[in-house]
Amino acid sequence: MRSDEEVKEMTCSERIQARGYTRAKKLWRIGFQQEIPYDLLREMIQLNIAQKADYTRFWR
């Protein structure tokens, strides 16, 4: 069974690659000539906030 973070990473990973960005584990690269995908960044931040809403410790 996969953790919530792994599921989130898989779906974001697919979307990142579909837009032509490269990625590594826990990192994705936006080239100097590429447009910044603010909508994707916003969605990834919102997912992260929602997942940590009930978390009481600093690190997962």
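Cut-offs and rules
Once a new chain begins, its residue numbering starts again from 1 and follows that chain's sequence as written. For this predicted model, a pLDDT threshold of at least 70 governs which residues receive local features, and a threshold of 80 or more governs which side-chain atom pairs are given and counted, while totals over whole chains, interfaces and linings are taken from all residues. Side-chain numbers here rest on the full set of heavy atoms in the structure, without hydrogens or water. A patch is a set of surface residues, each over 30% in relative accessible area and not in a salt bridge, joined within 9 Å for like charges and within 5 Å for the nonpolar side chains Val, Leu, Ile, Met, Phe, Trp and Tyr. Here the Shrake-Rupley method, with its probe set to 1.4 Å, supplies the accessible areas, and only the displayed protein chains count as covering residues. By salt bridge we mean one thing: a side-chain nitrogen of Lys or Arg within 4 Å of a carboxyl oxygen of Asp or Glu. Helix and strand labels come from DSSP, where a helix needs a run of H or I of at least four residues and a strand needs a run of E of at least two; each type is numbered from the N terminus. Partly exposed residues are those whose accessible area sits between 20% and 50% of the maximum for their type, while under 20% is buried and over 50% is exposed, using a 1.4 Å probe and protein chains only. In this description, contact between two residues means that some pair of their heavy atoms is separated by no more than 4.5 Å. The criterion for an aromatic pair is that two Phe, Tyr or Trp rings (for Trp, the six-membered ring) have centres within 6.5 Å, with stacked assigned to planes under 30 degrees apart, edge-to-face to planes over 60 apart and tilted to the rest.

Moving on: a nonpolar patch on the surface. A contiguous nonpolar surface patch, about 280 Å² in accessible area, is contributed by Ile30, Ile36 and Tyr38. For Ile36, the location among the structural elements is in the loop between strand 2 (27–29) and helix 2 (38–51). Exposure remark for Ile36: the relative accessible area of 37% places this residue in the partly exposed category.

Here the phi dihedral of Lys26 falls at roughly 60°; this positive angle occurs in a residue that is not glycine. Looking at Lys26, the relative accessible area reads 65%, which means it is exposed.

Tracing the backbone through its elements, the reader meets Met44 in helix 2. Taking the C-alpha atoms as reference points, Met44 and Cys12, separated by 32 residues in sequence, lie 7.5 Å from one another. Once residues lying within four places of it in the same chain are set aside, the contact partners of Met44 are Cys12, Ile16 and Trp28.

Looking now at the packing of aromatic side chains. Enumeration according to the criterion identifies one aromatic pair in this entry. Measuring from centroid to centroid gives 5.6 Å for Tyr21 and Trp28, while their planes differ by 70°, and the two rings are edge-to-face. No difference in accessibility class separates Tyr21 from Trp28, as the two residues are buried.

From the geometry alone we can't say anything about function, so treat these as descriptive.
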